[in-house]
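Structural description and commentary
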Amino acid sequence: VGAIVGIAAGKLLGKLIYALPGDTRLSRTGDGFIALGITLMVYALTEFLHGYGFLAVFLTGLMLRKSSDGHDFNTKLHDFADETERLLMMLLLVFFGGMLAAGDLLARISWPVAGFALVALLLVRPLAGWIGLAGVKKPALEKFVVSFFGIRGLGSAYYLAYALNHGNFGNGIILWEIVALIITISILLHGILVSPAMRLMERGRDTGSGAG
């Protein structure tokens, strides 16, 4: 359902935005806010039909880009969505920090939980990222940086909550402890190591350009 709605909505909205006569198409507005309206509309419709809203929104975005690749309005939609994502991420980080400060999730963490979190962050995620980038024509250093850092993982809280509400996994508090610890360590890794890693990558690019 999510795939069908996403593809159909993307094609229909592509025509409304780019293919209608010049006086009626939405791209004339130049308003990146349309990206938020599309996201909410497609997600709500898909969930109403008992489909997977995230998948539908993702496919809608792909179909919209395909409708008029290279159009200036695509850039406006992307920039607005990127800025909105950053604002929401900041808000979620504040709520996440408040949850950790007000609760006792991290205080109850055991050594097995801590070990699992470290293995997930330092072994499983980098390895999965490296495999996922197989065939990508980028320098090895860049692929390593992308694989090692990955994402902060706040979306994991949504997926865990969804899973716990739709299935029986025993002691859910342990899963919350694992997810909270992984997100916390990931945020610290991003905050401390990303800038040095980016500088290292830039020096590598400069060296490669000079050698060329």
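Residues numbered from 1 in each chain as written. Predicted model: local features only at pLDDT ≥ 70, side-chain atom pairs only at ≥ 80, totals over all residues. Heavy atoms only, no water.

Concerning the packing of aromatic side chains
For the structure shown, the criterion picks out eight aromatic pairs. Geometrically, the ring pair formed by Phe144 and Phe148 is stacked, given 5.9 Å between the ring centres and 20° between the ring planes. Taken as a pair, Phe144 and Phe148 lie in helix H6 (residues 140–149) at a separation of four residues, close to a single helical turn. The class of Phe144 is partly exposed, set by a relative accessible area of 45%. The exposure class assigned to Phe148 is buried, which follows from its relative accessible area of 16%. (Phe/Tyr/Trp six-rings, centres within 6.5 Å; stacked < 30°, edge-to-face > 60°. Helix = DSSP H or I, 4+ residues; strand = E, 2+ residues; numbered from the N terminus. Buried < 20%, exposed > 50% of the residue type's maximum accessible area, 1.4 Å probe, protein only.)

Remarks on the side chain of Ser147
Within the secondary structure, Ser147 sits in helix H6. Owing to a relative accessible area of 3%, Ser147 belongs among the buried residues under this scheme. In terms of polar contacts, Ser147 uses its side chain to reach the backbone amide nitrogen of Trp130, at 3.0 Å. One polar contact links the side chain of Ser147 to the main-chain carbonyl oxygen of Lys143, over a distance of 2.7 Å. Those residues in contact with Ser147 that lie beyond four places of it in its chain are Arg125, Pro126, Gly129, Trp130 and Leu133. (Polar contact = N/O pair within 3.5 Å; in protein donor to acceptor, adjacent residues only side chain to side chain. Contact = heavy atoms within 4.5 Å.)

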